[in-house]
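Below, each chain spelled out in residue letters.
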Amino acid sequence: MTESGTGSRVRLLIGKVGLDGHDRGAKIIARALRDAGFEVVYTGLHQTPEMVVTTAIQEDVDAIGLSVLSGAHNTLLPRVVNLLRDRGAPDIAVFGGGIIPAEDVSPLREAGVSALFTPGTSTQEVVDWVRTHVRPRRA
Amino acid sequence: MSRKGSDGPSRSRKEWELNTLGPSLAKAPERQGPFSTVSSLPIERLYSAEDLPAGGEADLGLPGEFPYTRGIHPTMYRTRLWTMRQFSGFGSAADTNKRFHYLLSHGQTGLSVAFDLPTLMGRDSDDLLAEGEVGREGVAIDTLADMETLFSGIPLGGVSTSMTINSPASILFAMYLAVAEKQGVPLERLEGTIQNDILKEYIAQKEWIYPPRPSLRIITDIMAFCARSVPKWNTISISGYHIREAGSTAVQELAFTLADGIGYVQAGIEAGLDVDVFAPRLSFFFNSHNDFFEEIAKMRAARRIWARVMRDRFHAKNPASWKLRFHTQTAGCSLTAQQPYNNVVRVTIQALAAVLGGTQSLHTNSLDETLALPTEDAVRIALRTQQVIAEESGVANTVDPLGGSYFVEALTNKVEADAMAIIGKIDAMGGIVAAIEQGFPMKEIADASYLYQQQTDRGEKCIVGVNRYRADADPPVEILKIPLEVEIEQKRRLADVRAGRSAAAIDRDLDAIAKAAKDGSNLMPHILQAVRDYATVGEICGAMKAVFGEYREVAVF
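Residues numbered from 1 in each chain as written. Chains lettered and ligands numbered in written order. Predicted model: local features only at pLDDT ≥ 70, side-chain atom pairs only at ≥ 80, totals over all residues.

All right, on to the interface of chain A and chain B then. Listed per partner, the contact involves 26 residues of chain A and 31 residues of chain B. With five residues, helix α1 (residues 24-35) of chain A is the single largest residue contributor to the side of chain A that touches chain B. Class assignment for the residues of the side of chain A that touches chain B results in nine nonpolar, twelve polar and five charged. (Contact = placed C-beta atoms within 7 Å. Helix = DSSP H or I, 4+ residues; strand = E, 2+ residues; numbered from the N terminus. Nonpolar A, V, L, I, M, F, W, Y, C, P; charged D, E, K, R; others polar.)

Structure representation (structure tokens):
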């Protein structure tokens, strides 16, 4: 179910944070979520955490999905979570995907990343997770 | 409907279908289809002589002769095996130098450098955007000092080096030349390659800085410079690997790569260069993915198409201009994080395909590369994979062992025809730069990758260990970790280099680069001078960015 009782659809920002340009996965996730009925804002590449948070607030999204395959996830993902909190939008969920070694998953979850989707994940898993865990923030 | 008159063999396919195939299918139907390649190219039950056009021998040719379907050399691996060239780089230049020595000591025959993301994007290790990224995807190189460390103990006159670097290729190439100078190796002796293939960056790898036209100008400057001063150097590695990794089909990989090649040849000619001078130094780089025969067909078709493009479209007279020389890397995107030891099997099949496809140079991925950059143990197995193929399997004993196979020749013809259709489409759009500006290759790739994802999500395409044959738990695999100290140390080293050099020389050098960028004179001598004075990657790229501007992508998904 992609709508709340008031009829507003869940809005998502999907993008790539950092210098990593491998966007095959991010594009597939963006398209799968759009095809599943969510509203998707796709930022494209080379977003800084600051740019992601600014766009997320401007676009009034309910959750942010970020792809990182460069190994910089431990720096970049928590920074996004912290910036959202500092800018008064701690209720925007952050989920991530990419090359995230198993041992980094728990620390990232503790740092406030809601979910991490690693290689081998199907698009259905991501869609189901968003459906279950993300609600529209707007009243 | 008549039975054959005797118990002898069928005299035609129709007879075979009627008398042998039909009854067999009635008893034991085939597995559920479709029987298609990983790229969804349909594959027939059987191929025989009637699947090949009459007079096809001219298309096939002999090895070392136009159109080179069977190989660019008459003796191929009987004279010299492909170069075993493992793409390597992580952490600091000292870390990577150690890996280079390890691989050379284990029998690798060429070097290949992987740079970190800040370096690939033309940024220094202390750039704001470099935070968290230094040394993670490759080696951090900021100045000539790092490059000297990178090749410490490695005489550059005795080994060929490939450097995977695109937008800042001119700078890293200049650094390599400066190291050679310091070693006393004449530039004319240097052998190697810079990837320097900006067109595929816009299409797939996305490591751009400047817009297309100034980027092509830098490339033609490098072509002209090398023709004069570094004649054995491959100025571009025109790449399909990344296009395939981004999700294209095999045919798209081939078509977009060769279309890029056509674009570079046109750019060289428009820059006033003699095609027979620069074309022999263009090289190529293909992916080797899972579907064994599709990859072999792709590589054979590549040679044939390129030979015709160079001789008949561009009227090159030098046979060296017609010969497509290529490096291959096994498909990173085919590897799984689940049951990672299965990746050794995948890489073996993919490497074998590349050898049977006639590659000049080969990188085999390591089993742990879905998880991290390779450990020593993992990369040794990858290198041994090549050595087992070379020394134990027997496939290098004869030239083009699969030549004449009905299936392989039919598939080669099919891949060629399909790729030519796409190249024709791109020509009709006005060439590859126009096609890129219209977003055409990117959209094709996004669609192909989405289709494949749907196929795997639905279980129509099997990925062993992921959507079938799963295991509850995987054996732990020790992975390579890049500690944060790498970034801290690299920034300190960079600060030391900045402190120890002549600021006046740097200012002069960067001004000279900006001037050449504006007035069109060759950039390379000025970049070479700047790196000798220990200007940084970021400083030199910044000087050019100020003149050329920055590329902005319109993201499509």
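Residue and element names in this part refer to chain B. Here the amide bond leading from G33 into P34 is cis, since omega sits at 0 degrees, within 30 degrees of zero. Here the bond from F66 into P67 is cis, since omega is -5 degrees, no more than 30 degrees from zero. Turning to its location among the elements, P67 is positioned in the loop between α2 (57-60) and β1 (83-84). Phi at Y68 takes a positive value of approximately 65 degrees, unusual for a residue other than glycine. Phi angles above zero are rare outside glycine, and D400 is one such case at about 45 degrees. Residue position: D400 is located in the loop between α15 (376-392) and α16 (406-429).

Let us now look at the sheet that holds strand β4 (residues 161-164) of chain B. The strands that make up a sheet are held in pairs by hydrogen bonds between backbone atoms, and each pair lies either parallel or antiparallel. All names here are of chain B. One open sheet accounts for five strands, arranged β2-β3-β4-β5-β6; its pairing is parallel. The sheet is open, and its two borders are formed by β2 (87-88) and β6 (233-234), each paired with just one other strand. Both strand β3 (residues 111-114) and β4 contribute to a ladder of four bridges, which runs parallel. When the bridges of β4 are listed, A114 appears paired with T164. (Pairing = 2+ DSSP bridges.)

All names here are of chain B. Following the sequence through the fold, R85 ends up in the loop between β1 and β2. Judged by local crowding, R85 falls into the buried class, with 27 C-beta atoms found within 10 Å. The contacts of R85, once residues within four sequence positions are left out, are Q108, G110, L111, S112, S162, H327, S361, L362 and H363. (Buried ≥ 20, exposed ≤ 12 C-beta atoms within 10 Å, placed from the backbone.)

Glancing now at α1(A). Side chains three or four residues apart in an α-helix point the same way, a direct result of the helix having 3.6 residues per turn. Residue and element names in this part refer to chain A. With twelve residues, α1 should cover 16 Å at 1.5 Å per step; its first-to-last C-alpha distance of 16 Å lies within 8% of that length. Turning to α1, its buried residues are R24, G25, A26, K27, I28, I29, A30, R31, A32 and L33. Just downstream of α1 lies G37, where phi reads positive at about 105 degrees. (Expected span 1.5 Å × (residues − 1).)

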